[in-house]
Amino acid sequence: MGFLTYADIENAVQAILKHTSIQPRIGMILGSGLGLLAESVASANKIATRDIPGWPASTVEGHAGLLVCGELEGQPVLVLQGRAHYYEGYSMAKIGLPVRVMQRLGIEILIVTNAAGAVDPDFVPGDLMLITDHINLIGMAGLTPLLGPNLDEFGPRFPDMSQVYDRDLMALAQQVAKETEIPLREGVYICLGGPAFETPADLRFLRGIGVDAVGMSTVAEATVARHGGMRVLGISGISNKANLDGETVTTHEEVLEAGKVIAPRLSVLIRGVLRQL
Ligand code: HPA
């Protein structure tokens, strides 16, 4: 089906509650090659996402497919180590299921991360970018996780998107970046359908419409989270350079390789944020 029902969400929630008694406050989604942080979760209960009914299982290398529930920096967290993407064949609604489940479990803050390609020519692989806003290009064309009858218990039919990425959380991330001397870029993220990477003409188009980083995730999750009134912090790890001139080739191996540099920095940044929440 192209949209979620209350029962779909409830079935997944009940399966998770059988594995853990922790009441998480903060949810995290870790993108391609960025799963490292999940390994430091203390008193962790790990649930294979394939064991959760209806869960969109990731089929991509670099995505472990685990839901890790435990404590990080003293905060009760639920960490999704490896996400599913639209290009894997799931409906947009399905892509939003993990966030609906988090909301139903009482999570108030979502930290969402991804690997992204630079569109801003100043960005270099290894950079972290605070997502200040996003362009929901495929949403504009109707591909939205909010399709179908509105789930009134989760949020309003016409949710505001004037501040998807929470200003206080952004300020906190900037403060932590300064203290820990981690360079933190800022910019606008766009989600495309993928899985093919962009042509140079695509990238020049994206640059023209105000994009700084491009990926294949995050926007649907952030949209569902805001629909549900959660506060969102978004961070991209820049894994490859802007190929605006067609002179560089982009590969998934490169994305995973860059993850090895990005993941430790991202961990320091997110741990710093968690300490102050
Ligand atoms: N384009 C789209 N998605 C990506 C890229 C890219 O260059 N790098 C990592 N994810």
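In short, a report on the structure.

How each quantity is defined
- Residues numbered from 1 in each chain as written.
- Predicted model: local features only at pLDDT ≥ 70, side-chain atom pairs only at ≥ 80, totals over all residues.
- Heavy atoms only, no water.
- 1 Å grid on protein atoms, 1.4 Å probe; cavity = no way out; pocket = protein on both sides within 12 Å on 5 of 7 lines; lining within 4 Å.
- Points joined across faces, edges and corners; volume = space filled by probe spheres on them.
- Helix = DSSP H or I, 4+ residues; strand = E, 2+ residues; numbered from the N terminus.
- Nonpolar A, V, L, I, M, F, W, Y, C, P; charged D, E, K, R; others polar.
- Axes fitted to C-alpha atoms, helices over the stretch in contact; angles between N-to-C directions.
- Parallel < 35°, antiparallel > 145°, perpendicular 65-115°, else oblique.
- Left-handed = near helix turned anticlockwise from the far one by under 90°.
- Contact = heavy atoms within 4.5 Å.
- Near = heavy atom within 4 Å.
- Polar contact = N/O pair within 3.5 Å; in protein donor to acceptor, adjacent residues only side chain to side chain.
- Areas by Shrake-Rupley, 256 points an atom, 1.4 Å probe, with all protein chains shown as cover.
- Sits in = over half its atoms within 2 Å of the grid points.
- Salt bridge = Lys/Arg side-chain N within 4 Å of Asp/Glu carboxyl O.
- Buried < 20%, exposed > 50% of the residue type's maximum accessible area, 1.4 Å probe, protein only.
- Pairing = 2+ DSSP bridges.

### Observations regarding empty space enclosed by the protein
Per the counting criterion, the structure on display carries 4 cavities of 30 Å³ or more. Reported here for the largest cavity is a volume of approximately 110 Å³. The wall of the largest cavity is formed by 13 residues, among which Arg 100, Pro 145, Leu 146, Leu 147 and Leu 151 lie closest to the centre. At the level of elements, α2 (92-104) and α6 (219-227) are the ones that each hand at least two residues to the lining of the largest cavity. Among the elements that make up the lining of the largest cavity, the one with the highest residue count is α2 (3 residues). Within the lining of the largest cavity, the residues separate by chemical class into 9 nonpolar, 3 polar and 1 charged. Put simply, the second largest cavity is a space of about 70 Å³. Along the wall of the second largest cavity there are 13 residues; nearest its centre are Pro 56, Leu 80, Arg 83, Ala 84 and Pro 98. Of the residues belonging to the lining of the second largest cavity, the class tally is 7 nonpolar, 4 polar and 2 charged.

### Things to note about the packing of helix α1 (residues 6-17) against α2
For the pair α1 and α2, the least separation of the axes is 9 Å and the interaxial angle reads 65 degrees. With respect to α2, the axis of α1 lies roughly perpendicular. Judged by the sense of rotation from one axis to the other, the crossing of α1 with α2 is right-handed. Counted together, Asp 8, Ile 9, Glu 10, Ala 12, Val 13, Gln 14 and Ile 16 of α1 and Leu 97, Arg 100, Val 101 and Arg 104 of α2 form the full contact between these two elements.

### Quick word on the layout of surface pockets
Considering only enclosed or pocket space, the largest pocket measures out at about 300 Å³ in volume. Lining of the largest pocket is provided by 22 residues; of these, Ser 32, Ala 115, Phe 197, Met 216 and Val 255 occupy positions nearest its centre. When contributions to the lining of the largest pocket are tallied by element, the ones reaching two or more residues are β5 (109-118), β8 (213-215), β9 (231-240) and α7 (252-275). Sorting elements by how many residues they give to the lining of the largest pocket places β5 first, with 4 residues. Class assignment for the residues of the lining of the largest pocket results in 9 nonpolar, 11 polar and 2 charged. Taken as a whole, the second largest pocket spans an internal volume of roughly 200 Å³. Forming the boundary of the second largest pocket are Asp 133, His 134, Asn 136, Gly 139, Thr 144, Leu 146, Leu 147, Arg 157, Pro 159, Met 161, Val 164 and Thr 223.

### With respect to the site of the ligand
Contacts to the ligand come from Ala 115, Ala 116, Gly 117, Phe 197, Glu 198, Val 214, Gly 215, Met 216, Ser 239, Asn 240 and Val 255. In the environment of the ligand, a nitrogen atom lies 2.7 Å from a nitrogen or oxygen atom belonging to the side chain of Asn 240. When the ligand is considered free in solution it has 260 Å² of accessible area, and contact with the protein chains removes 93% of it. Given that more than half its atoms are within 2 Å of the pocket grid, the ligand belongs to the largest pocket. At the level of elements, β5, β8 and β9 are the ones that each hand at least two residues to the shell around the ligand.

### Observations concerning the pattern of salt bridges
Applying the stated criterion across every chain yields a total of 9 salt bridges. Ionic pairing is found between Asp 212 and Arg 207, a salt bridge with its closest N-O pair at 3.5 Å. Overlapping salt bridges bring together Glu 73, Arg 271 and Arg 275 as one network.

### A word on the pairing of strand β1 (residues 26-30)
Summarising burial for β1: 5 of the 5 residues are buried, a large majority. Relative to strand β4 (residues 75-81), β1 runs parallel, the two being bridged by 5 bridges. For Gly 27, the partnering residue across the bridge sits in β4 and is Leu 78.

Everything listed here is a matter of geometry and, on its own, says nothing about what the molecule does.
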